[in-house]
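Observations on the three-dimensional arrangement
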Amino acid sequence: MTGIWLPLAAAALAAALMYVCCIRPMRRHDACSPATPERTEKSAEEEIRRLREELRLLRARAAAETDPAAAPERGPETIRP
């Protein structure tokens, strides 16, 4: 009966450490994840510009598929992140 106390104590200690180090921070939304980068006005404007350009290209491609005469002249259609 005495030989079982040490494994039980080790299991209880492991469970307590897991709760304190892992579960409790996740429940408080302080999980160990990197902080999201701050979004500056400049980066937001750049992303808006990039997405508008992508939307323009998609609309032009859709128009070209439905009506080949309405297709714009071909240009560089690369979108860079």
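Please refer to the structure placed before this passage.
So, a few notes on the structure that sits alongside this text. (Residues numbered from 1 in each chain as written. Predicted model: local features only at pLDDT ≥ 70, side-chain atom pairs only at ≥ 80, totals over all residues. Heavy atoms only, no water.)

1. Re the overall build of the protein
Short version of the rule: In DSSP terms, a helix is any run of H or I states spanning at least four residues, a strand is any run of E spanning at least two, and both are numbered starting from the N terminus. Burial classification: accessible surface area is computed with a 1.4 Å probe over protein chains only, and a residue below 20% of its type maximum counts as buried, one above 50% as exposed, and the rest as partly exposed. Only the protein chains shown count as cover for residues, and all accessible areas are computed by the Shrake-Rupley method using a 1.4 Å probe.
If you tally the helices and strands in the protein, you get two helices and zero strands. Each of the 81 residues in the protein was classed as buried or not, and the buried ones make up 4%. Summed over its atoms, the accessible surface of the protein is roughly 7,700 Å², and 62% of this surface lies on carbon and sulfur atoms.

2. Description of the pattern of salt bridges
As a reminder, the rule being used: Here, a salt bridge means any side-chain nitrogen of Lys or Arg that lies within 4 Å of a carboxyl oxygen of Asp or Glu.
All told, the structure shown has two salt bridges when counted by the stated rule. A salt bridge links Glu46 to Arg49, with the nearest nitrogen and oxygen atoms 2.7 Å apart. One end of the pair is Glu46 and the other is Arg49, both in helix α2 (residues 41-66) and three residues apart, which spans about a single turn. The closest approach of N and O atoms between Glu53 and Arg56, which form a salt bridge, is 2.6 Å. On the criterion of helical spacing, the pair formed by Glu53 and Arg56 is a turn pair, its members being three residues apart in helix α2.

3. With respect to a nonpolar patch on the surface
Quick reminder of the rule: Each patch is built from residues that are more than 30% exposed by relative accessible area and take part in no salt bridge. Like charges join if they lie within 9 Å; nonpolar side chains (Val, Leu, Ile, Met, Phe, Trp, Tyr) join within 5 Å.
The grouping of Met18, Tyr19, Val20, Ile23 and Met26 at the surface amounts to a nonpolar patch, some 450 Å² of accessible area in total. On the secondary structure map, Ile23 appears in helix α1 (residues 5-27). Overall, the relative accessible area of 30% leaves Ile23 in the partly exposed class.

4. A short note on the state of the cysteines
For clarity, the threshold we go by: Pairs of cysteine sulfur atoms within 2.5 Å are what we label disulfides.
For the structure on display, the rule yields zero disulfides. With no disulfide of its own, Cys21 lies closest to Cys22 among cysteine sulfurs, the gap being 6.0 Å. The partly exposed category is assigned to Cys21, whose relative accessible area is 47%.

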